[in-house]
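# Structural overview for review
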Amino acid sequence: MDVFRWGRERARTGAWRGDRQVAHLSLLPDGPALSVDFVRRCLDHLASRGFSRVVTSALSPDEQRSFLAAGFGVQEQLFLLAHDLRRLPRARTGAVLRRADAADRLDVLAVDSAAFQPFWRLDEPGLDDAIRATARARFRLAQLDGDVIGYAITGRSGRRGYLQRLGVHPGHRQAGTGSALVVDGLAWLRRWRAQVAIVNTQDQNMDALHVYERLGFHRLPHGLSVLSTGLGDSS
């Protein structure tokens, strides 16, 4: 990933999940709103690097406007949910929760590959991006009989927390592991005086949606969208 700049505007660009044909275009925290001209310059830049398609990070309705005007369409729609951290849920699991370290990376990526469809799977740079997306992060995993069966990345920025990533191996679902990882992250956020936690999930992933709602998350009125375009369609 690198940062493309034009005047005060800037965005991160790079290969999507290691695919050299598909580029990822994402906003930077606290940056100015992007103009249509800037988005089109990004597309020209990515075309010059040999990419044939571009996908964005998850964007709010306001953030989507310039991309839609530049020729993007909706690739995936996401629910956006929030949790008031004044009251925390409880969860129990037979797995052991512990801090993840560098030696766990391959096991975590194997769980991620089993847990998600190809479009959403992380490679190692994507895992690094999830950990570094906020100034502070908690990277935890669930282990059962010596095997890594799930993991969660929770980040915080000021008084707001984010459940950046949650993955549980399909062979170990319905056992409370995902819920325990979520509650672990929420408790960490509250210890650091965060007031709200945010998470998003695909609008077709009803199992994850039900888990979050059971743990006290509520849907926000607007969701997020991942947009995409073929570079030949961006003019």
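Above this text sits the structure in question.
Notes on the structure follow. Being a predicted model, the structure only gives us computed values, none of them experimental.

Turning to the overall build of the chain, a few remarks are in order. Along the backbone of the chain there are six helices and 12 strands. At 18 Å, the chain has a C-alpha radius of gyration in line with the 18 Å of a compact globule built from 235 residues. In terms of overall dimensions, the chain has C-alpha extents of about 55 × 35 × 30 Å along its principal axes. A fraction of 72% describes how many contacts in the chain between residues 6 or more apart in sequence connect residues 24 or more apart. Element-wise, carbon and sulfur atoms account for 45% of the exposed surface of the chain, whose accessible area totals about 12400 Å². Of the side-chain charges in the chain, 33 are positive and 25 negative, and the distance between the mean point of each set is 8 Å.

Turning next to the packing of helix 3 (residues 105-115) against helix 4 (residues 124-132). Following both chains from N to C, one finds helix 3 and helix 4 inclined at 95°, their axes separated by 11 Å at the closest point. Regarding the angle of helix 3 to helix 4, the classification is roughly perpendicular. Between helix 3, through Arg105, Val108 and Leu109, and helix 4, the contact on the second element is made entirely by Glu124, Leu127, Asp128 and Ile131. Each residue belonging to the contact of helix 3 with helix 4 can be placed in one class, and the counts come to four nonpolar, no polar and three charged.

Right, let's talk about the nonpolar core for a bit. Membership of the largest hydrophobic core comes to 22 residues, with the highest contact counts inside it found for Leu166, Val182, Tyr212 and Phe217. Contributions of two or more residues to this core are made by strand 8 (147-157), strand 9 (160-168), helix 5 (177-191), strand 10 (196-202) and helix 6 (206-214). Among the elements that line this core, the one with the most residues is helix 5, at six residues. The residues touching Phe217, leaving out its near neighbours within four places in the chain, are Leu81, Ala82, His83, Val182, Leu186, Ala197, Val199 and Tyr212.

So, about the pattern of salt bridges. In this structure the tally under the stated criterion is 11 salt bridges. Arg86 is the salt-bridge partner of Asp84, the closest N and O atoms lying 2.6 Å from each other. Residue classification places Asp84 among the partly exposed residues on the basis of a relative accessible area of 34%. Looking at Arg86, the relative accessible area reads 68%, which means it is exposed. Across the salt bridge formed by Glu124 and Arg105, the nearest N and O atoms sit 4.0 Å from each other. Taken together, the residues span a long stretch of sequence, with Glu124 in helix 4 and Arg105 in helix 3 at a distance of 19 residues. By relative accessible area, which is 41% here, Glu124 ends up partly exposed. The network of salt bridges with common partners includes Arg105, Glu124 and Asp128.

Turning our attention to the packing of helix 1 (residues 36-48) against helix 2 (residues 61-69). For the pair helix 1 and helix 2, interaxial distance at closest approach is 8 Å and the crossing angle is 60°. Our classification of the angle between helix 1 and helix 2 gives oblique. Seen along the crossing, helix 1 lies across helix 2 with a hand that is right-handed. Across the interface between the two elements, Val36, Val39 and Arg40 of helix 1 pack against Ser66, Phe67 and Ala69 of helix 2. Each residue belonging to the contact of helix 1 with helix 2 can be placed in one class, and the counts come to four nonpolar, one polar and one charged.

Turning our attention to the packing of aromatic side chains. Pairs of aromatic rings are described using the distance from one ring centre to the other and the angle between the two planes. Under the counting rule described, the total for this entry stands at six aromatic pairs. Note on Phe67 and Phe72: the rings are 5.4 Å apart at their centroids and 80° apart in plane angle, and the pair reads as edge-to-face. Overall, the relative accessible area of 1% leaves Phe67 in the buried class. Judged by centre distance (6.2 Å) and plane angle (75°), the ring pair of Phe139 and Tyr151 falls under edge-to-face. In this pair, Phe139 is assigned in strand 7 (residues 136-144) and Tyr151 in strand 8, connecting sequence segments 12 residues apart. Of the two residues, Phe139 and Tyr151, both sit in the buried class. The positively charged end of Arg17 is found above the aromatic ring belonging to Trp16, 4.2 Å away from the centroid. The aromatic ring of Phe79 is capped on one face by Arg219, whose charged end is 4.9 Å from the ring centroid.

Calculation rules
- Residues numbered from 1 in each chain as written.
- Predicted model: local features only at pLDDT ≥ 70, side-chain atom pairs only at ≥ 80, totals over all residues.
- Heavy atoms only, no water.
- Helix = DSSP H or I, 4+ residues; strand = E, 2+ residues; numbered from the N terminus.
- Rg over C-alpha atoms; globule rule 2.2 N^0.38 Å.
- Contact = heavy atoms within 4.5 Å.
- Areas by Shrake-Rupley, 256 points an atom, 1.4 Å probe, with all protein chains shown as cover.
- Lys, Arg positive; Asp, Glu negative; His and termini not counted.
- Charge placed at Lys NZ, Arg CZ, Asp CG, Glu CD.
- Axes fitted to C-alpha atoms, helices over the stretch in contact; angles between N-to-C directions.
- Parallel < 35°, antiparallel > 145°, perpendicular 65-115°, else oblique.
- Nonpolar A, V, L, I, M, F, W, Y, C, P; charged D, E, K, R; others polar.
- Core = buried A, V, L, I, M, F, W, Y, C linked by side-chain atoms within 4.5 Å.
- Buried < 20%, exposed > 50% of the residue type's maximum accessible area, 1.4 Å probe, protein only.
- Salt bridge = Lys/Arg side-chain N within 4 Å of Asp/Glu carboxyl O.
- Left-handed = near helix turned anticlockwise from the far one by under 90°.
- Phe/Tyr/Trp six-rings, centres within 6.5 Å; stacked < 30°, edge-to-face > 60°.
- Lys NZ or Arg CZ within 6 Å of the ring centre and 35° of its normal.

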